[in-house]
Structures are given as C-alpha cells and as structure tokens.
Amino acid sequence: MKVSRNAPCACGSGRKYKHCCMRKDAQKLGSTSQVQVLEAGEVSITKEASYIISQAENYDARLVTLGPLIFFSTETGDAWMLDPEDELALCLARDGDKEPFTITETPTNFSIEWNASYRIDADAFIVIERSGRIKTVLGYPTTEILQATHRAKQFP
C-alpha cells in the first residue's frame, strides 16, 4: 500500500504513519512483498498505470496497490487497473501492447474512464465489457488480487 510516511496514521493515534503502523502494515503484506512508501507529491495514478504497462510490455507479472486501486500485469503481457469497491476494470495493455484509455489527473482530483466491470470466481477473472460481452480469463493472479482487495479495504 503506498501511503505517505509523514501523513497522520490512519489508526487515529495522532502519530506519523512511519512512527506508528508502517512496520506492522509491511509485515501484514508478508516477507515476499515489497512496500514502497511515497510522499504526497509522488502519488500518481497515471504514473502507476505507465509503470504497470511497462511491466506488461516486458511480460513481467506485478501487482501494485495505490489507495483503493489495484494495478496488475501478467506474464502474457496484459495489464489492468481495478477498483474493487465498485468492481470496475480498465484494460491498460493486452498481449504486450498498450490499449487506449483515458485517465485525467490534477494535483487534487482524478477521473478514470472505466471500460468494464469484473468479478473473480475462484481461478477465473471475469470481465463484463460495456457492450455486454463477457470474457473469462484463466491464469490471472486471482488469489493475489483478492488479497490486495482485502488489504485495500483496511485503509481509509
């Protein structure tokens, strides 16, 4: 979870996050995960989208959370951004090629033009496009996505 280390801790203690729950949150993610803490000016949805697309272009599987959003790339060259709370999905790359999408971001606001919704059913990642077309994808990191969804819901 990318949170400003100097921000007040979300637990309500009044202390800075780095002096309060940062270490505990990192331990919750497990020893195989990496936690990168960003300052407020470093947080950018478009930068995270670009990063995950670059990983997809290299056929490198990654999963990143930014607040309530989940970004992931696969070894097959696909990349997605998910909003678990509303079950919205935006395809960022397919087969190693960037897909067209719209994200508008200012220092205080952002807007995402979501192009699908999704759900996870065991190992199946199910995408419901705006057109009504339903696609089922096997082989995506559904367990990790569900774990990231659970972690994202623990933060305000």
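Quantities reported herein were computed from a predicted structural model and do not represent experimental measurements.

(A) Expanded view of the pattern of salt bridges. A full pass over the atoms with the stated rule returns four salt bridges. A salt bridge links Arg62 to Asp60; the shortest N-O distance between them is 2.9 Å. Classification of Asp60 by relative accessible area gives partly exposed; the value is 24%. Here Arg133 ties to Glu129 by a salt bridge, and the two come within 4.0 Å at their closest N and O atoms. The network of salt bridges with common partners includes Glu129, Arg133 and Lys135.

(B) The arrangement of the nonpolar core in detail. The biggest cluster of nonpolar side chains holds 17 residues, and the ones touching the most others in it are Ile45, Phe71, Met81, Leu92 and Ile112. Those elements that place two or more of their residues in this core are α2 (45-57), β1 (62-66), β2 (69-73), β3 (79-83) and β4 (88-94). A total of five residues in this core trace back to one element, the largest contributor, which is α2. Those residues in contact with Leu92 that lie beyond four places of it in its chain are Ala49, Ile52, Ile53, Phe71, Ala79, Trp80, Met81, Asp97, Lys98, Glu99 and Phe101. One finds Phe72, Trp80, Leu82 and Ile145 within the second-largest nonpolar core, a separate group that totals 14 residues.

(C) A look at helix α3 (residues 142-152). The complete set of buried residues in α3 reads Thr142, Ile145, Ala148, Thr149 and Ala152. Down the axis of α3, the buried set is contained in an arc of 120°. They therefore lie on one face. As for α3, its buried residues are in contact with β1, β2, β3, β8 (116-121) and β9 (124-129).

(D) Structural view of the confidence of the model for the chain. Averaged over all residues, the pLDDT of the chain equals 84, while 79% of them reach at least 70. Across residues 27-33 the pLDDT falls below 50, and counting only partners more than four positions away or on other chains, this stretch makes four contacts in the model.

(E) Structural detail: the pairing of β4. In terms of burial, β4 is a largely internal element, five of the seven residues being buried. Where β3 and β4 come together, five bridges link them in antiparallel fashion. Opposite Leu82, over in β4, you have Ala89 as the bridge partner. Connecting β3 to the antiparallel partner β4 that follows it, the hairpin turn spans four residues, and Glu87 within it adopts a positive phi of roughly 55°. Sheet topology note: the β4/β8 ladder contains two bridges and is antiparallel. Following the sheet pairing, Leu88 is matched in β8 by Ser117.

(F) Structural view of the packing of aromatic side chains. Scanning the model with the defined rule gives five aromatic pairs in all. Centroid distance Phe125 to Tyr140: 5.1 Å. Interplanar angle 55°. Geometry classified as tilted. You can see Phe125 sitting in strand β9 and its partner Tyr140 sitting in the loop between β10 (134-138) and α3, a full 15 residues away along the chain. Given a relative accessible area of 0%, Phe125 falls into the buried group. For Tyr140, a relative accessible area of 7% gives the class buried. An aromatic cluster of three or more residues is present, and its members are Phe72, Trp80, Tyr118, Phe125 and Tyr140.

(G) The environment of Pro141, seen in detail. Assignment of secondary structure puts Pro141 in the loop between β10 and α3. Residue Pro141 is classed as partly exposed on the basis of its relative accessible area of 22%. In sequence terms Pro141 and Phe72 are 69 residues apart; their C-alpha atoms lie 8.5 Å from each other.

Thresholds, definitions, all that
- Residues numbered from 1 in each chain as written.
- Predicted model: local features only at pLDDT ≥ 70, side-chain atom pairs only at ≥ 80, totals over all residues.
- Heavy atoms only, no water.
- Salt bridge = Lys/Arg side-chain N within 4 Å of Asp/Glu carboxyl O.
- Buried < 20%, exposed > 50% of the residue type's maximum accessible area, 1.4 Å probe, protein only.
- Core = buried A, V, L, I, M, F, W, Y, C linked by side-chain atoms within 4.5 Å.
- Helix = DSSP H or I, 4+ residues; strand = E, 2+ residues; numbered from the N terminus.
- Contact = heavy atoms within 4.5 Å.
- Arc of directions from axis to C-beta.
- pLDDT = per-residue confidence, 0-100.
- Pairing = 2+ DSSP bridges.
- Phe/Tyr/Trp six-rings, centres within 6.5 Å; stacked < 30°, edge-to-face > 60°.

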